[in-house]
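So the chains spell out like this:
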Amino acid sequence: SSFNMEEQAVLYLPGGLPDPNQNSFVCKAAEEIEQILRVTAGRAFLLFTSLKNMEEAYRLLKDRLPYTCLIQGERPKSVLLQNFKEDVQSVLFATSSFWEGVDVQGEALSCVIIDRLPFSPPNEPILEARLAKIAEAGGSPFRDYQIPAAIILLKQGLGRLIRTRQDRGVMAILDTRLLTKSYGRIFLKSLPPCPILHRREGIEKFISGK
């Protein structure tokens with residue numbers, strides 16, 4: 001990154017959430033998202049790896065948040081982005097098409113929250129064939145392809161936050177596998193260096209500049 005991420009951003013990794021594959025994950029993640037957004041006063045992209053998780057989180061949060069809640073699919077992408085920029089405290093729920101190629105500068109986007117590591121479903125025909133070919137050659141499909149591909153997507157999603165040298169904000173990833181799985185270290189090492197927080201109090205201090 002050409003930006004000073006150590007001063008412009010923090011990475012928040014909360015502990016105590018369920019594994020993303022557990023049925024209780026979205027409900028608990030929504031509770032965590034609500035608390036984060038109350039600290040950042042909205043102003044956030046909520047990026048999900050699936051329509052199912054996005055829609056469930058939106059259903060749980062739209063009436064609990066004191067901010068305008070926008071969701072991918074209800075309006076054209078360009079209109080959603082314009083609405084998001086104009087309503088500074090708004091929150092946008094989105095999936096894959098908002099993980100890259102979106103540029104929102106200034107205080108309207110001060111937080112990006114990602115629900116889980118963006119591993120592609122291995123049962124997609126093209127990916128399934130690619131993974132099989134790697135395995136046949138003696139490689140590790142997970143290590144050699146799925147992890148690097150997920151890292152690229154994760155960096156693209158988090159990259160929505162800091163777009164100029166004046167931007168400041170919070171990146172949050174709610175997937176505890178970053179902390180509990182050995183491959184979590186690979187993901188963390190790939191991200192731009194910035195302070196890592198595990199408590200929301202740290203977000204409050206960063207936002208307030210104290």
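Predicted model, so just to flag it, every value in this text is computed and none were measured.

Side note on the side chain of N53
Move 1: Relative to the assigned elements, N53 resides in helix α3 (residues 51–61).
Move 2: With residues up to four places along the chain from it excluded, the contact list for N53 reads F25, V26, F48, D115 and R116.

Things to note about the packing of helix α5 (residues 125–136) against helix α6 (residues 141–158)
Move 1: Packing of α5 against α6 brings their axes to within 9 Å, and their N-to-C directions diverge by 145°. In this structure, α5 meets α6 at a crossing whose hand is right-handed. Contact residues: α5 offers L127, R130, L131, I134 and A135, while α6 offers P141, D144, Y145 and Q146.

Let's talk about unusual backbone geometry
Move 1: Despite not being glycine, A41 shows a phi value in the positive range, around 60°.
Move 2: Assignment of secondary structure puts A41 in the loop between α2 (25–40) and β2 (44–47).
Move 3: Judged by its relative accessible area of 22%, A41 is partly exposed.
Move 4: One non-glycine residue, R43, adopts positive backbone phi at about 60°.
Move 5: Examined against the element boundaries, R43 turns out to sit in the loop between α2 and β2.

What counts, and where the lines are drawn
- Think of each chain on its own: its residues are numbered from 1, step by step along the sequence as written.
- For a predicted model such as this one, the threshold for reporting local features is a pLDDT of at least 70, and the threshold for listing and counting side-chain atom pairs is 80 or more; totals across whole chains, interfaces and linings nevertheless cover every residue.
- Calculated side-chain values reflect all of the structure's heavy atoms, with hydrogen atoms and water omitted.
- Numbered from the N terminus, helices here are DSSP runs of H or I no shorter than four residues, and strands are runs of E no shorter than two.
- Every residue pair with non-hydrogen atoms within 4.5 Å of one another is taken to be in contact.
- Lines fitted to C-alpha atoms define the axes, with helix axes restricted to the stretch in contact, and inter-axis angles between N-to-C directions lie between 0 and 180 degrees.
- We call a crossing left-handed when the near helix sits turned anticlockwise from the far one by less than a right angle, and right-handed when that turn is clockwise.
- Note on exposure labels: buried denotes an accessible area under 20% of the residue type's maximum, exposed denotes more than 50%, and partly exposed covers the range between, all computed with a 1.4 Å probe on protein chains only.

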